[in-house]
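# Understanding the architecture of this molecule
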Amino acid sequence: MDDTVSGTVTDQNGQPLPGASVRLKDAATGVITDDQGKFTLDVPDNGTLVISNIGFTTAEVPVNGRKSITIALTGNARSLAAVTVNVGYTTQKKTSVTAAVSTLQVKDINNIATANVTNSLSGRIAGVIGAQASGEIGSDGSEIHIRGIGTTGNNAPLVVVDGIPRSMSSVNPNQIESVTVLKDAAAVAPYGIAGANGVILVTTKRGKAGPPTFSYNGYVSWSNPITLPKMLNAYQYATLRNVADKNAGSPVSFTDADIAGYKKTVEGAPGADPDKYPNTDAYKALLNRNVPMTQHNLQVSGGTDKIKYYMGLSYLHQGGLLGDEHLDRYNFVGNTDAQVTKTTLVSVSISGYNSRRNRPQDGDGNPFANAQAYLPISAVNYSNGLLASSNGKLLRPGIELGNRLDDNTAIMTQLSISQDLPFIPGLSIKQVVSYDPEHDFSKSWTEASPTYYMINTSTSPYTYDPVANDGRPSLSEAYSKGTALESQSYINYHQVFGNHDITALLVMDARKYHNDNFSASRSNYDLNIDELSLGSPIQTNWGNGGGSGDTRQVGYLYQLNYAFKDKYLLGATGRYDGSYVFAPGHRYGFFPAFSAGWRISEEPFIKDRLTWIDNLKLRGSYGESGNLVGPDQWSSSMSITGAAYVMDGKTVQGANERVEPNPFITWERAKKADIGLEGVLWRGLLGFEVDYFYEKRNNMLVSPNSTIPTEYGIGIAQINAGKMDNHGIDVTLSSYHAFSNGLTLDISGTFSYAQNKLVQTFENAATYNDPVRRRTGRPLNEIFALKALGLFKTSDDKNGDGQITADDGFPTQFGSVAPGDIRYQDTNGDGHIDVSDEVPLGNSAIPPVQFGFNPRISYKGFDLNLFFQGATGGHAILNGELVFPFYTGANSSTAVLDYWTPDHQDAAFPRPFGQGGNTNNTQLSSWYLRRLDYLRLKSLEFGYTLPTAVVNRIKLQNVRIYLSGTNLKTWDNLDGLVDPEFTQAGTSNTANSNQRGWSYPFVKTFSAGIAVTF
């Protein structure tokens, strides 16, 4: 007869062990312990429990009729030999790895309200430097760099999901088992011409032997924007505008009566007239608040020793800040592993997603640029509901009329057959085939702007004059489909001969991708219906396009590992790789790497005497990896033009060459060196991993600094001549301790430093020949600008004429200069301030240092998880509307209210001048330079796991409820003008827009969720 037994599994210090396997001996019955190490299982009175967990000795415990059992597993960090990590195309014991590899267990981020897993990596994994460029749904992923910026070309790491190059942006974090980052040459060399920027390996969950386990995890969250610049209200605007007019010698824009009217409206005073004297907060009128987001995840897993399975299904709904903007995404994962014979393992994986994103027609940064341009003295709607404008600009119609739809579907299929060859012990072969089709559809519907009204306040009552728009709707649609086919053929050998452990791997990896695309458009619709067939019948209003493309790559790789007494470790790996993007005869390259390790903790003088050292390993590596250059440049680049000439009375197309070919173009080569020390002390009380790395990147594509005659007719080809160095350190620290009262404290932290130097490039002579302005020999994209010495004081006007000139003993600057304007350093001493006076001011916006700190506390069912992430060393120069009052006729931030006057000469901003400032004060200079140092409470989670007795009564295995939040608090020195991350990522155009405050803001979220195991 079976009885229900409840129990807790702990380590020898009493720490609960979640995820431990508890099963009935000689039976398939079993469960997994919950987050508190608790379990419930039906067993016979005379049964025996078998309890196992990675890193601990398996225990067998007779039940002997007991109803409640506490089991303490013994073991120490030496048992880490059982822990394996992904390294390239294989797995290795953690203790035997000689490469620089870091792994994140994604269970730490499963309950954080984020739609993109890339936003959870920076600060959690040493060596990963990342930042978001936007908070826009569907485009809110982080730009990731591994060990900083190592090239002027493509810096993105290779992403591999379940062994196949794929995107991870749409993978549901709940369906991920781990994320592993490969950083040094020994780790990335197997990826050849794709590995120089590092590799991110994403492994989805797979089934484990045991009874079926069904679980649900879901949350609901509410989001609100953060880091919106505070703009001038109507009273502040009118007052400051008059000051700027006076400084420019112009008539003031507002009378005293106007200013008094705006002040009444701002204060909500009796008699206020908001139609004549509006006060508009454009951001408040534009953005949604308390935007919902919800995610629901269902998972089932289990199996036997013969077959194991895992299936996961999830749904995500994410609302946006603009109009009816929203994203809906469905994810599915199904992984099955079948031991069909004693020597044959067959694995089948099918996963996919469908994502539908609806967003405004006027998207990206435009609504936020419009919000800055919308003057506070302009109404959005008059009191009678009629639509108003600001100098012809409309605020909300741009996000309410028309829309853009992105519908993306991808299916990832994978078959793996692994066959042991018993006639040669340790030898096996494996074949992996993947086929990934994807379909993308986009639709953009543009509607004409509506009629708005201009108010006439000279009449009583006020009259409103319509301003009509004669525009008509237009529609464009695009469809593309792609198929990726990959084949990986493995020969693997592993055998132990006494003290000698040998592993060898050979792989042939071939991949091809094909894409077809088609687009069509119509304009000047008479009907407001977004169907292509209903557009204008006039063919000049039609448009279409299309194309196709193929890519191919093949590589032959090897990995060799040798261990003597599990103490002295050697590794050799490499890849002979080829790609279609290079000319015949130049398509293949060889990328080798070597590594070695010494497990110091296995030496008798440590193992037998210093027992508090559980694991201590010194390792090093050196090798090469590659990076693909830009598009095909080895052959002539041609353009097709319509109506080029007439032949036999017929118009004929023409072709022209755009850029000369370079048949010798090749891949970038990265020579990487790494030395690391890792260890675990005092049974986990302190864990550490420290790496120093150095990389020299050669063959970067650069454009020759040559002048060619116009008659040459085409551009000259790029060549592989650029060189860059990059060096830094990665540090990971961790500590765990379980107190006797049941309190556990788990702390981890990361520190990443990476600094590059541009060694060789084709720099123009004007800067190269000037040691101060030379870019070569400095960090990539180091900021060069004028050095501001302060604001001119009234005492600097020596002759009292109201101007600062050479007669006052100062260099000439830009235009007419007066007290209150910015004073610049004459670097070259020529008495004239211009571009030749620029000086280096600091690193680019990408910070050389990023760090993270993650304390986790649990006590009697309660748990608290905090994650702080930050960066230091980055810089940006703010510009545009944020810091130049009334720039391009727009509103300004309230920061500029701290402006220079004769009575306030130590101000933060120069004197306001006209519309947008004078020429002198709008130069790029250190006056507007800001450090991008910050510390952010990236996430906080507080949870409670119901007691086992309560859960048993409701026939469940585990119930946990939790509250969480993201982007809760940021400490920086940017005064709320911009978010420090926004200037670090994206294209140069994006970064420039973000430095003007045109960015789609981050959101702060608060979530409530529940996780149930049935």
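Definitions and cut-offs
Residues numbered from 1 in each chain as written. Predicted model: local features only at pLDDT ≥ 70, side-chain atom pairs only at ≥ 80, totals over all residues. Heavy atoms only, no water. Helix = DSSP H or I, 4+ residues; strand = E, 2+ residues; numbered from the N terminus. Rg over C-alpha atoms; globule rule 2.2 N^0.38 Å. Buried < 20%, exposed > 50% of the residue type's maximum accessible area, 1.4 Å probe, protein only. Contact = heavy atoms within 4.5 Å. Lys, Arg positive; Asp, Glu negative; His and termini not counted. Charge placed at Lys NZ, Arg CZ, Asp CG, Glu CD. Pairing = 2+ DSSP bridges. Polar contact = N/O pair within 3.5 Å; in protein donor to acceptor, adjacent residues only side chain to side chain. Axes fitted to C-alpha atoms, helices over the stretch in contact; angles between N-to-C directions. Patch = residues over 30% accessible without salt bridge, like charges linked within 9 Å, V, L, I, M, F, W, Y side chains within 5 Å. Areas by Shrake-Rupley, 256 points an atom, 1.4 Å probe, with all protein chains shown as cover. Salt bridge = Lys/Arg side-chain N within 4 Å of Asp/Glu carboxyl O. pLDDT = per-residue confidence, 0-100. Core = buried A, V, L, I, M, F, W, Y, C linked by side-chain atoms within 4.5 Å.

## Quick word on the overall build of the protein
- For the protein, the count of helices and strands is 10 helices and 48 strands.
- A globule of 1014 residues ought to have a C-alpha radius of gyration of about 31 Å, and the protein, at 33 Å, matches this closely.
- The principal-axis extent of the C-alpha atoms belonging to the protein is close to 100 × 70 × 70 Å.
- In the protein, which comprises 1014 residues, the share counted as buried stands at 50%.
- Partitioning the intrachain contacts of the protein with sequence separation of at least 6 by distance along the chain shows that 69% fall at a separation of at least 24.
- Placing the 82 positive and 95 negative side-chain charges of the protein at their respective mean positions leaves the two points 7 Å apart.

## Some details on the sheet that holds strand β15 (residues 176-182)
- An order of β10-β15-β16-β13-β14 is seen for the 5 strands of this open sheet, with the pairing classed as mixed. The outermost strands of the open sheet, each flanked by one partner alone, are β10 (101-105) and β14 (164-165).
- In the sheet, strand β13 (residues 158-161) pairs with strand β16 (residues 199-204) via 4 bridges, with the strands oriented parallel. Looking across to β16, one finds that Val161 is bridged to Val202.

## As for the side chain of Thr750
- Position of Thr750 among the secondary structure elements: in strand β37 (residues 744-760).
- On the basis of relative accessibility, which here comes to 10%, the residue Thr750 falls in the buried class.
- At a separation of 2.5 Å, a polar atom in the side chain of Thr750 contacts the main-chain carbonyl oxygen of Gly123.
- In this structure Thr750 touches Gly123, Arg124, Ile125, Ala126, Val731, Thr732, Gln850, Phe851 and Gly852, once residues within four positions along its chain are discounted.

## Let's talk about the pairing of strand β19 (residues 307-319)
- Where strand β18 (residues 291-303) lies against β19, 11 bridges are found, and the strand directions are antiparallel. Residue pairing across strands places His296 opposite Tyr315, the latter belonging to β19.
- A loop of 3 residues connects β18 with β19, the two strands running antiparallel in sequence.
- Sheet topology note: the β19/strand β20 (residues 326-341) ladder contains 13 bridges and is antiparallel. Bridging from a neighbouring strand, Gln318 pairs with Leu327 of β20.

## As for the sheet that holds strand β5 (residues 48-52)
- Strand order in the open sheet formed by 4 strands is β3-β2-β5-β6, and the pairing between neighbours is antiparallel. In this open sheet, the two strands that pair with only one neighbour each are β3 (30-32) and β6 (59-62). Geometrically, the sheet is characterised by an average inter-axis angle of 20° between neighbouring strands, direction not taken into account.
- Bridge analysis of strand β2 (residues 21-24) against β5 gives 4 bridges, and the strand direction is antiparallel. If you follow Ser21 over to β5, its bridge partner there is Ser52.

## Quick word on helix α5 (residues 366-373)
- Most of α5 is tucked away: 7 of the 8 residues are buried.
- Of the positions making up α5, those classed as buried are Pro367, Phe368, Ala369, Asn370, Ala371, Gln372 and Ala373.
- On the buried face of α5, the contacting elements are α4 (282-286) and α6 (397-400).

## A short note on a nonpolar patch on the surface
- A contiguous nonpolar patch, built from Phe214, Leu298, Met311, Leu313, Phe332, Val348, Ile350, Ile411, Leu415, Ile417 and Phe1014 and spanning about 880 Å² of accessible area, is present on the exposed surface.
- For the nonpolar patch, the secondary-structure elements that each account for two or more residues are β19, β21 (344-359) and β22 (403-420).
- Sorting elements by how many residues they give to the nonpolar patch places β22 first, with 3 residues.
- Considering the arrangement of structural elements, one finds Leu298 in strand β18.
- Of the residues examined, Leu298 reaches a relative accessible area of 35% and is grouped as partly exposed.

## Topic: the confidence of the model for the protein
- Across the protein, the average pLDDT comes to 89, with 96% of residues at or above 70.
- Highest mean pLDDT in the protein belongs to strand β40 (residues 822-824) (97); lowest belongs to helix α10 (residues 988-995) (53).
- Contacts from residues 76-80, a stretch scored under 50 in pLDDT, to residues over four places away or in other chains number 15 contacts.
- The low-confidence segment residues 987-991, where pLDDT is below 50, has 4 contacts with residues more than four positions distant or belonging to other chains.

## A look at the nonpolar core
- Residues Tyr237, Phe254, Tyr262, Ile377, Ile822, Val883 and Tyr928 are the most contacted members of the largest nonpolar core, which totals 43 residues.
- At the level of elements, α2 (234-247), α3 (256-267), β38 (783-785), β39 (788-791), β40, β41 (839-842) and β44 (875-877) are the ones that each hand at least two residues to this core.
- By residue number, the principal contributor to this core is α2, which donates 5 residues.
- In terms of nonpolar packing, the next biggest core, distinct from the first, is built from 20 residues, Leu158, Leu182, Val432 and Leu505 among them.

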